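A look at the structure
Chain by chain, the residues run as shown.
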Amino acid sequence: MSLAEAFKVALGAIAANRLRSSLTVLGVVIGVMSVVLLVAIGTGARDEVSAGIEDLGSNLLIVAPGGFEFGQAPTVSKFTLETVGDLERRLYGRALVSANLVSGETVRADDVSTFASVLGVTETFDEVLNRRVVRGEFVTESDVAMGNRVAVLGSSAATGLFGAVDPIGRTVSISGLRFRVIGVVGRLGATLGVDRDAQVLLPVTAAQRLFGTLRVDTVFVEVPEAEALDDVRGEIASELGLSLEPGDFSILSQEEILGVAGEILSTLTGVLAAIAGISLLVGGIGVSNIMLVSVSERTREVGLRKALGARSRDITRQFLVEAVVLCGVGGVLGIGVGVGLAQAAERFTPLPATITGWSIALAFGTSLVVGVVFGVFPARRAGRLDPVVALRYE
Amino acid sequence: MNERALASPDRETERPPPVVEVRDVTRSYRLGGRGRRRGASDDGTTVHALRGVSLAVESGELVSIVGPSGSGKSTLLHLLGALDRPTSGSVRFDGRDAAGLSDTELAVLRNRHIGFVFQQFQLLARTPALANVALPLVYAGVGRRRRRERAREALEAVGLGHRLRHRPAQLSGGEHQRVAIARALVTHPRLLLADEPTGNLDTATGEEVLAILRTLNADRGMAVVVITHDPEVAALTPRRVHVRDGVLESGPP
C-alpha cells in the first residue's frame, strides 16, 4: 500500500470517529500549545532582560560585592564612599566612576504614597548609566558633598506621586525625612513586569544617612575607550585589592552579566519547556490509548485486509499514519492556539512573550515524533494480528 | 515468489500440479491455559481440528467441502487459502511447498492467486462498492485509474454494474455477497475459496450466488472451493468432499 493510500485510509478512519478523534487531538493540542506558549514566555523574558542589560552600554564595568556566579547567594557589600574616592583618583581622566546604594521604601507626597526603589547615587550616575533628565536637574557634586536632601524622580514615581502636577520644587518624604524634588528622569520601561521607572534617586550621602549605613552597594565604571577596558579592569582589581580580600568583590562587563543572566533564563526556559513536554507526553499516551482502541475495534477489518493480501507492514503503516496524522493535526492546532495565547499574553499581561521560528518547528516536529513513538506500538500490534483469528473476532 | 515458480510443472507427473494440495495436514489449537508460554501444554486442552487430511484441488475444478459445524472444514479452508499454516503435513500451491514461505510471501500469494468469499461478506462499511472491490488491487500495487477500471469490470461481471457508488448499507444481502465475489475475482485468481457463501442468504438469493460461482468456474476456468454444511448446496457441485471430526470421509459418488 502506498503512503498516499495509507493517508486516505487514515483520514477515513479519523473522520468516522469524529468526536473520539477530536478529543485525542485535544490532548496533543494542549501539549503543543504549552510548549509554544511557555517557550515564548521564556524567550521573551530572556530578550527583555538582555535588552535591559544592553541598555547599560558596552563600555561599562560593574564592580559588585562578593562573587558573581549562577547560584551564588548575594553578599553584603564592603564598599564605602572611600573605596569610590580611591578608584576615582586612580582612574582620573580615563574612566568615570559612579556608585549607588539601593533600598525599597515607601515614598510619600502629601496624602499619596507609593512604593519605590530608593537609590543613593553619586553625581556621575546619570552619565554612567545613561539616565536622561527630562525636567529640572540631576544630583550635583555639591549635593553629594553636603548630603543635601534633594530627590530626582523616575517618570512613574513622578506621575504616581504628583499626577499631572509639576513635581519640581515640591517635597517627598521617606521614613519621615523630607526631600526636595529637583528633577525627573526619562522613561526606561519595564523588565519582566517590574517597573524600572518607579525610582527615587537621592545623593548617596543623604541616602546613607537615611538608611543608617556607610556602605555603597555597587560601583559603576564607564570606560569611554573600549580598548582600555582590560587595563582599567586590572587597575580596579589592584586598587580594591589594597583594602579588600579577593572574594569580596567581582568586576563584570556587560557581556559577562549577559552571559550569567542568559544562563539563568535559558534554564528557566528549559524548565518551562520540560513542564510543557510532560503535557505533550500525556497527549501522546492518549494517542497511544486511542490507537489501541481503534486497532481492537477494527480487528476484523485487519483480518480482511490481510486475507486480501495486505502484508504486516501495510497494516502497520496504515495505523502509524493514522497516529501521525492525529498528532500532526494536533500539532498545527496547538501551534495556532499557542501563538494566539502568546500574543494575548504579550499584549494584555506584563509577561513578555516572543514567538521564535525554532520553537514552532520544534513543537511541530515533536508532535510528529510523538505520533510515531506512541503510534508504533499499537500499529505493530495490528500488523502482527493473525488473519484467521482477526477474521473471527467479534 | 515469482510467477514462473508457480507455473512450473510438477516433475513427478505429466499433468500440471494441482492449484492447491494438502498432504497429511493436521492442525491443533491449544484452548484455555496461558497462551503460547513454552511448556504450557499441560495448562490447556489441545483441540485437533484436522487429524491428517489430504486433498488436491485441480485447476478449473468446482469442489464443495461439506461437513457439520466443528468438523474442521473452516480450518481446512484457511489452510487452502494460505491464511494459516498446518501443525504438520504440507500445503502446496501449484506444486510449490508453502512451508518455506514467509508471512509476507504468503500475503502476496493470497493477493495474486486466491480470492476469498466469506459468509459474513466482510465488506468495509462506509466504503462504496467500487472501492471495496478495488481493495485487493491496492495491495497489489495497481494504479488508481486501473483499479477503478478493473473493479468496474468485476462488478459488471456479477451484475452490479449499476451499483458502483453504493455503500454496503444501501445494498441487499445478495448484493453484498455479489460485491464480495467481485472483490474475490478482481485479481483474476486461479483459486476462489467461498466459506458458507449462502449461509446468510435466503434460498433464492443463495442460488443466485451459487450460479455466479458456477459461471465463473465454467467461463473463466477458475478453481472454486465452496464450504457448506448444506447438502443441497453441495449437490450443485460435481465433486464433494465430506469432513467429519477432522478427517475426510469418502462421500457418495
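1. Structural notes on the overall build of chain B
Check the secondary structure of chain B and you find eight helices and ten strands. Scored against the burial criterion, the 253 residues of chain B give a buried share of 51%. A separation of at least 24 residues holds for 74% of the contacts in chain B among residues at least 6 apart in sequence. Surface exposure of chain B reaches about 12200 Å², of which carbon and sulfur atoms provide 46%.

2. Observations concerning the interface of chain B and chain A
In this assembly, 22 residues from chain B lie in contact with 22 residues from chain A. For the pairing of chain B and chain A, the buried interface totals around 2000 Å² over both sides, and the portion due to carbon and sulfur atoms is 59%. A per-residue breakdown of the area chain B buries against chain A is headed by L83, Q122 and Y139 of chain B, which together make up 32% of the total. Linking chain B with chain A are one salt bridge, by the criterion used here. R147 of chain B is the salt-bridge partner of E5 of chain A, the closest N and O atoms lying 2.4 Å from each other. Between the two partners, chain B and chain A, sit four residue pairs in polar contact (both at pLDDT 80 or more). The set of elements that each furnish at least two residues to the side of chain B that touches chain A consists of α3 (103-113), α4 (129-139) and α5 (144-157) of chain B. Per-element tally for the side of chain B that touches chain A: the top contributor is α3 of chain B, with five residues. Looking at the side of chain B that touches chain A residue by residue, the class counts come to eleven nonpolar, five polar and six charged.

3. Quick word on the side chain of T187 of chain B
Among the structural elements, T187 of chain B can be located in the loop between α6 (173-185) and β7 (191-195). Contacts of T187 of chain B, omitting those with residues within four sequence positions, involve N111, R112, P136, L137 and R150 of chain B.

4. A word on the pattern of salt bridges
Residues and elements named next belong to chain A. Evaluation of the coordinates by the stated rule reveals 24 salt bridges over all chains. In this structure, E239 engages R90 in a salt bridge whose closest nitrogen and oxygen atoms are separated by 3.0 Å. In this pair, E239 is assigned in helix α8 (residues 229-243) and R90 in helix α3 (residues 81-90), connecting sequence segments 149 residues apart. The exposure class assigned to E239 is buried, which follows from its relative accessible area of 12%. Taking the relative accessible area as the measure of exposure, R90 reaches 33% and is therefore partly exposed. E235 is the partner of R94 in a salt bridge, and the nearest nitrogen-oxygen pair spans 2.5 Å. Here the residue R94 occupies a position in the loop between α3 and β3 (96-109), and E235 occupies one in helix α8, the gap between them amounting to 141 residues.

5. Quick look at the pairing of strand β8 (residues 177-185) of chain A
Residues and elements named next belong to chain A. Note that strand β5 (residues 133-136) and β8 share three bridges and pair antiparallel. Pairing of R135 across the sheet is with V184, part of β8. Here four bridges tie strand β6 (residues 150-153) to β8, and the two strands are oriented parallel to one another. Its bridge partner lying in β8, V150 is registered against R180. Note that strand β7 (residues 171-174) and β8 share four bridges and pair antiparallel. Looking across to β8, one finds that I174 is bridged to L177.

6. Notes on α8 of chain A
All names here are of chain A. Helix length check: α8 (15 residues) gives 22 Å between terminal C-alpha atoms against 21 Å at 1.5 Å per residue, within 8%. Within α8, the full set of buried residues consists of L229, V232, E235, I236, E239 and L240. Projected onto a plane normal to the axis of α8, the buried residues spread over an arc of 125° and lie on a single side. Residues of α8 that are exposed and point over 90 degrees away from its buried face: D230, D231 and L242. Its buried side turned inward, α8 meets β1 (60-65), α3, β13 (218-222) and β14 (249-253).

7. Notes on the confidence of the model for chain A
Across chain A, the average pLDDT comes to 88, with 97% of residues at 70 or higher. Between the elements of chain A, mean pLDDT differs from a low of 74, seen in strand β9 (residues 190-191) of chain A, to a high of 94, seen in β6 of chain A.

8. Here's the deal with the side chain of E235 of chain A
What makes E235 of chain A buried here is its relative accessible area of 18%. In terms of polar contacts, E235 of chain A uses its side chain to reach the side chain of R94 of chain A, at 2.5 Å.

9. Focus: the domain arrangement of chain A
Domains assigned within chain A are domain 1 (3-51 + 261-392) and domain 2 (96-224). Averaged C-alpha coordinates put domain 1 of chain A and domain 2 of chain A at centres separated by 53 Å.

10. A short note on the sheet that holds strand β9 (residues 239-244) of chain B
All names here are of chain B. Spatially, six strands are ordered β6-β7-β8-β3-β9-β10 in an open sheet, and the strand pairing comes out mixed. Each of the sheet's edge strands pairs with one partner strand only, and the pair in question is β6 (114-117) and β10 (247-249). Strand-to-strand twist across the sheet, computed as the mean angle between neighbouring axes with direction ignored, equals 25°. Pairing geometry for strand β3 (residues 62-66) and strand β8 (residues 223-228), over five bridges, is parallel. Paired with V66 across the strands is T228, a residue of β8. In the packing of helix α7 (residues 203-220) onto the sheet, the strands contacted are β3, β7 and β8, and the crossing angle to β8 comes to about 155°.

11. With respect to a positive patch on the surface
On the surface, a cluster of positive charge is made up of K8 of chain A together with R144, R148, R152 and R165 of chain B. The biggest single contributor to the positive patch is α5 of chain B, with three residues. By the element assignment, R165 of chain B lies in the loop between α5 and α6.

Reading guide: rules and limits
- Residues numbered from 1 in each chain as written.
- Chains lettered and ligands numbered in written order.
- Predicted model: local features only at pLDDT ≥ 70, side-chain atom pairs only at ≥ 80, totals over all residues.
- Heavy atoms only, no water.
- Helix = DSSP H or I, 4+ residues; strand = E, 2+ residues; numbered from the N terminus.
- Buried < 20%, exposed > 50% of the residue type's maximum accessible area, 1.4 Å probe, protein only.
- Contact = heavy atoms within 4.5 Å.
- Areas by Shrake-Rupley, 256 points an atom, 1.4 Å probe, with all protein chains shown as cover.
- Buried area = accessible area lost by both parts, 1.4 Å probe.
- Salt bridge = Lys/Arg side-chain N within 4 Å of Asp/Glu carboxyl O.
- Polar contact = N/O pair within 3.5 Å; in protein donor to acceptor, adjacent residues only side chain to side chain.
- Nonpolar A, V, L, I, M, F, W, Y, C, P; charged D, E, K, R; others polar.
- Pairing = 2+ DSSP bridges.
- Expected span 1.5 Å × (residues − 1).
- Arc of directions from axis to C-beta.
- pLDDT = per-residue confidence, 0-100.
- Domains from an automatic or database assignment.
- Axes fitted to C-alpha atoms, helices over the stretch in contact; angles between N-to-C directions.
- Patch = residues over 30% accessible without salt bridge, like charges linked within 9 Å, V, L, I, M, F, W, Y side chains within 5 Å.
- Lys, Arg positive; Asp, Glu negative; His and termini not counted.
- Charge placed at Lys NZ, Arg CZ, Asp CG, Glu CD.

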